[in-house]
Amino acid sequence: MTNQIQSKVVAGYLLLPLNKVEKYRGIDRQPFEPLLLESEIDPAFVPNPDDARIWVWYPAGWRREAYRLFEENSVEVNKNKGAILSSLATARQIKDLIEPHLGSYELIACQVWNLDTQFAHEADLEAPSLGYDVAYGGGDFYSALKNGLLVKPHPLLLAEYSSLLNEYGLFSNPDNIPAYIRRFKELVPSEANSEFWVYWLSYI
């Protein structure tokens, strides 16, 4: 999901490790997705330069199977695969595969909007809701809420926006997001040119 998401909603499911930051339940928690881990890939594997799949690098086992299921069922956005799964049944199957080896994960439903589009409100979405996060569209899923208000918070952002955070460290009202991101980019110059997306997260 590194390219621009179009106006239509991208929807699916995330596998997120249990939170290590108090009062934050957003997406900036290293969602489970396939990675090339040098210490675990099959040393005898000879890659095909035309094959972009990650799971084929691994020997038979839980990681190969989990990555295969993930790559075959992840949501495609502008021809790029992201960390969002299209199938709830598959997300549950992957969760069962990985938890004995990686620890506890929670399964979260999400919908994603580009910042330039009209966001749906919680009242029009399925409950129970965790709220809205604003984060990168991939990579480390850096969250402007987590990093602007919870982890080494900026004092001016805290004064202006901390009262709008809900019990999960997210916004309950998406109408606050455009103004917050503008202010965040003003006060955090390193993020001035970063692209952020809006994530609505909810319990399954």
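In the block above lies the structure referred to throughout.
Residues numbered from 1 in each chain as written. Predicted model: local features only at pLDDT ≥ 70, side-chain atom pairs only at ≥ 80, totals over all residues. Heavy atoms only, no water.

(A) Structural context of unusual backbone geometry. With a phi close to 55°, Gln30 is a non-glycine residue in the positive phi region. Topologically, Gln30 is positioned in the loop between strand E1 (10–17) and helix H1 (62–73). When its relative accessible area of 67% is taken as the criterion, Gln30 is described as exposed. The backbone of Lys152 shows a phi angle near 45°, a positive value even though the residue is not glycine. Among the structural elements, Lys152 can be located in the loop between helix H3 (144–150) and helix H4 (155–161). (Helix = DSSP H or I, 4+ residues; strand = E, 2+ residues; numbered from the N terminus. Buried < 20%, exposed > 50% of the residue type's maximum accessible area, 1.4 Å probe, protein only.)

(B) Main features of helix H2 (residues 88–102). Between its first and last C-alpha, H2 extends 20 Å over 15 residues, near the 21 Å set by a 1.5 Å rise per residue. Within H2, the axis deviates most sharply at Asp96, by approximately 25°, and proline Pro100 lies no more than four positions further along. Restricting attention to buried positions, one finds in H2 the residues Thr90, Ala91, Ile94, Lys95 and Ile98. The N-capping residue of H2, defined by a side-chain oxygen 3.4 Å from the backbone nitrogen of Ala89, is Ser87. (Expected span 1.5 Å × (residues − 1). Bend = angle between axes of the 7 residues up to and from the residue. Polar contact = N/O pair within 3.5 Å; in protein donor to acceptor, adjacent residues only side chain to side chain.)

(C) Inspection of the layout of surface pockets at higher detail. For the largest pocket, the calculated volume is near 460 Å³. Lining the largest pocket are 22 residues; nearest its centre among them are Pro17, Arg29, Gln30, Pro31 and Tyr105. When its residues are assigned to classes, the lining of the largest pocket shows 11 nonpolar, 4 polar and 7 charged. (1 Å grid on protein atoms, 1.4 Å probe; cavity = no way out; pocket = protein on both sides within 12 Å on 5 of 7 lines; lining within 4 Å. Points joined across faces, edges and corners; volume = space filled by probe spheres on them. Nonpolar A, V, L, I, M, F, W, Y, C, P; charged D, E, K, R; others polar.)

(D) Region of interest: the side chain of Asp133. As for its position among the elements, Asp133 is in strand E5 (residues 129–135). Here Asp133 is buried and forms no salt bridge, its nearest opposite-charge partner Arg29 lying at an N-O distance of 7.4 Å. Among the polar contacts listed, one links the side chain of Asp133 to the backbone nitrogen of Ile27, at a separation of 3.0 Å. Excluding its chain neighbours within four sequence positions, the residues that come into contact with Asp133 are Tyr24, Gly26, Ile27, Asp28, Ser143, Leu145, Leu170, Trp197, Val198 and Tyr199. (Lys, Arg positive; Asp, Glu negative; His and termini not counted. Salt bridge = Lys/Arg side-chain N within 4 Å of Asp/Glu carboxyl O. Contact = heavy atoms within 4.5 Å.)

(E) View of the environment of Leu150. By secondary structure assignment, the location of Leu150 is in helix H3. Take Leu150: its relative accessible area is 28%, and that puts it in the partly exposed class. Considering only alpha carbons, one finds Leu150 and Gly169, 19 residues apart in sequence, at a separation of 7.7 Å. Beyond its immediate sequence surroundings of up to four residues, Leu150 is in contact with Lys23, Tyr24, Leu145, Leu165 and Gly169.

(F) Summary view of the pairing of E5. Burial runs high along E5: 6 of the 7 residues are buried. Alignment of E5 against strand E6 (residues 197–203), held across 6 bridges, turns out to be antiparallel. The residue bridging Ala135 from the neighbouring strand is Trp197, located in E6. (Pairing = 2+ DSSP bridges.)

(G) Here's a closer look at H1. In this model H1 runs 17 Å from its N-terminal to its C-terminal C-alpha over 12 residues, within 8% of the 16 Å that 1.5 Å per residue would give. Those residues of H1 not exposed but buried are Arg63, Ala66, Tyr67, Leu69, Phe70, Glu71 and Asn73.

(H) Local environment of the nonpolar core. Residues Leu14, Phe171, Tyr180, Phe184, Tyr199 and Leu201 are the most contacted members of the largest nonpolar core, which totals 39 residues. Every element with two or more residues in this core is listed here: E1, strand E3 (80–85), strand E4 (105–114), E5, H3, H4, helix H5 (177–187) and E6. Leaving out residues up to four positions away in the same chain, Leu14 has contacts with Ile27, Pro31, Ala83, Ile84, Glu106, Leu107, Ile108, Cys110 and Leu201. (Core = buried A, V, L, I, M, F, W, Y, C linked by side-chain atoms within 4.5 Å.)

(I) Main features of the pattern of salt bridges. A complete count under the given rule lists 10 salt bridges for this structure. The closest approach of N and O atoms between Glu99 and Lys95, which form a salt bridge, is 3.0 Å. Here the residue Glu99 and the residue Lys95 both occupy positions in helix H2, the gap between them amounting to 4 residues, near one helical turn. Note on Glu99: relative accessible area 22%, which makes it partly exposed. Linked through salt bridges whose partners overlap, the residues forming this network are Arg25, Arg29 and Glu106.

(J) Broad picture of the packing of aromatic side chains. For the coordinates displayed, the defined rule picks out 14 aromatic pairs. Ring geometry for Phe32 versus Tyr67: centroids 5.8 Å apart, planes at 50°, classification tilted. Residue Phe32 is located in the loop between E1 and H1, and its partner Tyr67 is located in helix H1; the two are separated by 35 residues in the primary sequence. Residue Tyr67 is classed as buried on the basis of its relative accessible area, which comes to 1%. A network of ring pairs unites the aromatic residues Tyr136, Tyr142, Tyr161, Phe171, Tyr180, Phe184 and Phe196 as a single cluster. (Phe/Tyr/Trp six-rings, centres within 6.5 Å; stacked < 30°, edge-to-face > 60°.)

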